[in-house]
Every structure is written in structure tokens, then in C-alpha cells.
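If you want the building blocks of each chain, they are given just below.
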Amino acid sequence: MALLKVKFDQKKRVKLAQGLWLMNWLSVLAGIIIFSLGLFLKIELRKRSDVMNNSESHFVPNSLIGVGVLSCVFNSLAGKICYDALDPAKYAKWKPLLKPYLAICVLFNIALFLVALCCFLMRGSLESTLAHGLKNGMKYYRDTDTPGRCFMKKTIDMLQIEFKCCGNNGFRDWFEIQWISNRYLDFSSKEVKDRVKSNVDGRYLVDGVPFSCCNPSSPRPCIQYQLTNNSAHYSYDHQTEELNLWVRGCRDALLSYYSSLMNSMGAAVLLVWLFEVTITIGLRYLHTALESVSNPEDPECESEGWLLEKSVQETWKAFLESLKKLGKSNQVDAQGEDAGQAPEAG
């Protein structure tokens, strides 16, 4: 027994075909939007590629670009099919292709849903990428004379200013690395010598941060050095001076920014997915309604459309049996090839 059977007359078939034609061209526009969103996200990730550890984060924008292009291709083709559906002469050339085309549409809908899920689930991978990338970027902050790294200082400074953040997890991360180049250190100074000698790796570590960590909303001039020494500054307590520096770490700031972008894009892709599923169901009804026309010479006769020719359980059994037959036929072919090779070997 057919699942979700619906009766159609000529008027209903025409309305269904026209509605699907319009929906398919709207889906082409949606595909262009998804492509544009993927391109925008890719550009945004490229901007901060210097502080990202690997290219795994580009999986989401690449997927969005891919499904956007496929959406434009599939829906423009479906629009043409719907336009030709009510002309028997034009529909005849599409008739043998509709069933495999609907199967491809189902696979495309599954892929679209998985891409939407990836937009929501990529936070963990992105967090790890940013954590390692920012840590390495901060290490190269002082290498303004090293080819290939001379831009890192500007990148980190612009990042901290734009996202109002400091360090990887917080401003104390700067205390653990030498971010001042040796070029600007006076090694004849006793203070510099003592600091370098007191460190196992011979690094010049200070309880200070770059200028880009300063919060312009602070009512007092920014304190960058001797941040943990209250006696070094008048009326200062480093535990309560929240306005002096940005408290938020750059990893958290970037993660929040990219997560909000991908969540918005995931919601948009889910809406497009619902639209695509509706179109696929409509195409199935149009296909079966045209197939079941009893008298093709009488366009006004009634017909029946359905979602599945059999029940869900019977359809699933038939699918499994077809897979078994396919497996057996492959085994027979393989045995036949082995039998043909054996006499030649003899």
C-alpha cells in the first residue's frame, strides 16, 4: 500500500508544477547565499590564519561553498524539469532520469543536513586550533627582524585591539614569554643581566604586556610594566584594576566571534535544508502523479501521487534485498574472473 497517497486532477498537477518551479528558483538564490556565507567565513578565517595552528577550521567554509554550488546546479535542473513536466513531449526525455535524480536529491539533503551540524559542532576543533596558534604567534611577537615572522607583532597587536583581548587565556600569558626583542635591550644594564641570568633559558621575562593590551576606557594612563608590583605605582592594586588592561583572553574572544558566525550560518543552512526537503517531497508527488496518469492522451484525467510506493517497512526490506543481490552479483563476477584466469595459468 502506497504511503501518503494524494489524488490529483489536471489543475492540481499544474499548480504543483508551477509552485515547485518557483520554489526551485528561490532555492537557487538560497544556494548563492550559502556559497556567499562560506566564502565570507573562509575570508574571515584567512585573516587570522597566522594565529591558527592548522587548516582543519576551513572544512566548514569549504563545505558551505560546495553545497552552495550543488544547490544552484540541482535546483536549476529541477526548475527546468518542473517547467517541462506538463508538456508530454518535453517530459518524455526527463521521465527515465527522474527516479535517479530524486535519489541524488535525497543524498544531497543528507549532505546539507550534515554540513549544518558541522557548523554547530566545530567549536571544539576551532578552540584547539586557536589555542596552539595564538601560543605560537605570541612566541614570535619579538621576531620583528626575522624573515617570515616580522609581521607577527602587527598581527597580534591588531588582533588584541580589534577584539579587546590580551594574551591567549589572559594578560598573564605575556609574563611567560620574552616578547621584547634583544635588539631593544641594554645588556650592559644590571637589571637586564640579572633578569636574563635568573631564567634557565636565558630569556628576558617581565611582568609587563604590549601596549595593545591597554584598555582606552581606563581613567588613568595605562600601566604596562610591573603589573604585579603595587608599590611601583601610586594608588594601584593589580587585583582590582580591571579597567587598566583587557581581561579577556584572545582565544575566548576569537572563539566567541567565530562560533556566533558558524551558529548563524548553521541556522541558515537548516532553513535551506527544510526548504530542499519540501521540494524533494513535491518532486516525488509530481513524478508519481504523472506516472500514474491512466490515459496519457487525456490530460484532464485524475491520477494518484504518493511518497513511497510501499510502506516504510516494505521499502526498507526491498532496499536491503537489492543490496544483497548487488553483493551476490559482485561475488559471482569475481569468481568468474578467477575461473577464467585458472586455465591460463595451467
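Residues numbered from 1 in each chain as written. Predicted model: local features only at pLDDT ≥ 70, side-chain atom pairs only at ≥ 80, totals over all residues. Heavy atoms only, no water.

Labelled according to an unreviewed UniProt entry, the chain appears under the name Peripherin-2, originating from Loxodonta africana. What the UniProt record of the chain gives under Function (unreviewed entry) is the line "Essential for retina photoreceptor outer segment disk morphogenesis, may also play a role with ROM1 in the maintenance of outer segment disk structure. Required for the maintenance of retinal outer nuclear layer thickness. Required for the correct development and organization of the photoreceptor inner segment." Per its UniProt entry, the chain bears the Sequence similarities (unreviewed entry) comment "Belongs to the PRPH2/ROM1 family." (UniProt positions renumbered as here; feature names shortened; annotations may be inferred.)

Draft legend 1. Examining the overall build of the chain more closely. The secondary structure content of the chain amounts to 8 helices and 2 strands. Along its sequence from the N terminus, the chain presents helices and strands in the succession β-α-α-α-α-α-α-α-β-α. Taken over 346 residues, the chain has a buried fraction of 38%. Taking contacts inside the chain between residues at least 6 apart in sequence as the whole, the part at least 24 apart equals 73%. Accessible surface, the chain as shown: approximately 20100 Å² in total, 60% of it carbon and sulfur. (Helix = DSSP H or I, 4+ residues; strand = E, 2+ residues; numbered from the N terminus. Buried < 20%, exposed > 50% of the residue type's maximum accessible area, 1.4 Å probe, protein only. Contact = heavy atoms within 4.5 Å. Areas by Shrake-Rupley, 256 points an atom, 1.4 Å probe, with all protein chains shown as cover.)

Draft legend 2. View of unusual backbone geometry. Residue Q226 is not a glycine yet carries a positive backbone phi of 50°. A positive phi angle, close to 50°, is found at S235, a residue other than glycine. Looking at where S235 falls in the secondary structure, it is placed in the loop between α6 (190-197) and α7 (250-291).

Draft legend 3. The state of the cysteines, seen in detail. Applying the stated criterion across every chain yields a total of 3 disulfides. With its sulfur 2.1 Å from that of its partner, C165 forms a disulfide with C250. Between C165 and C250 the sulfur-sulfur dihedral comes to about 85°; the bridge is accordingly right-handed. Linking C165 in the loop between α5 (152-163) and α6 with C250 in helix α7, this pair joins segments that are 85 residues apart in sequence. Each of the two residues, C165 as well as C250, counts as buried. (Disulfide = S-S within 2.5 Å.)

Draft legend 4. Layout of the nonpolar core. Counting 71 residues, the largest nonpolar core has L41, L64 and W174 as the members making the most contacts within it. Secondary-structure elements contributing two or more residues to this core are α1 (10-47), α2 (59-84), α3 (88-121), α4 (123-139), α5, α6 and α7. At 14 residues, the largest contribution of residues to this core is made by α7. Viewed by domain, this core spans two of them, domain 1 (3-137 + 252-308) and domain 2 (171-247), each represented by three or more residues. Not counting residues up to four positions away in its chain, the partners in contact with L64 are I34, F35, G38, L41, V115, C119, M265 and V269. (Core = buried A, V, L, I, M, F, W, Y, C linked by side-chain atoms within 4.5 Å. Domains from an automatic or database assignment.)

Draft legend 5. A look at the packing of aromatic side chains. Scanning the model with the defined rule gives 10 aromatic pairs in all. Their ring planes at 45° and their centres at 4.9 Å tell us that F113 and W273 sit as a pair that is tilted. A residue pair is termed long-range when its members are at least 10 positions apart, and F113 in helix α3 and W273 in helix α7 qualify at 160 residues. Overall, F113 belongs to the partly exposed group, its relative accessible area being 31%. By relative accessible area, which is 22% here, W273 ends up partly exposed. (Phe/Tyr/Trp six-rings, centres within 6.5 Å; stacked < 30°, edge-to-face > 60°.)

Draft legend 6. Fine view of the packing of α3 against α7. Contact pair α3 / α7: the axes reach a minimum separation of 9 Å and the direction vectors enclose 160°. Taken as axis vectors, α3 and α7 run roughly antiparallel relative to one another. Seen from above, α3 lies across α7 with left-handed handedness. Looking at the contact of α3 with α7 residue by residue, the class counts come to 21 nonpolar, 5 polar and 4 charged. (Axes fitted to C-alpha atoms, helices over the stretch in contact; angles between N-to-C directions. Parallel < 35°, antiparallel > 145°, perpendicular 65-115°, else oblique. Left-handed = near helix turned anticlockwise from the far one by under 90°. Nonpolar A, V, L, I, M, F, W, Y, C, P; charged D, E, K, R; others polar.)

Draft legend 7. Spotlight on the environment of W94. Relative to the assigned elements, W94 resides in helix α3. The exposure class of W94 is buried, given its relative accessible area of 15%. Spatially, the C-alpha atom of W94 lies 9.9 Å from that of C82, the residues being 12 residues apart in sequence. Not counting residues up to four positions away in its chain, the partners in contact with W94 are L77, K80, I81 and D84. Among the polar contacts listed, one links the side chain of W94 to the side chain of D84, at a separation of 3.0 Å. (Polar contact = N/O pair within 3.5 Å; in protein donor to acceptor, adjacent residues only side chain to side chain.)

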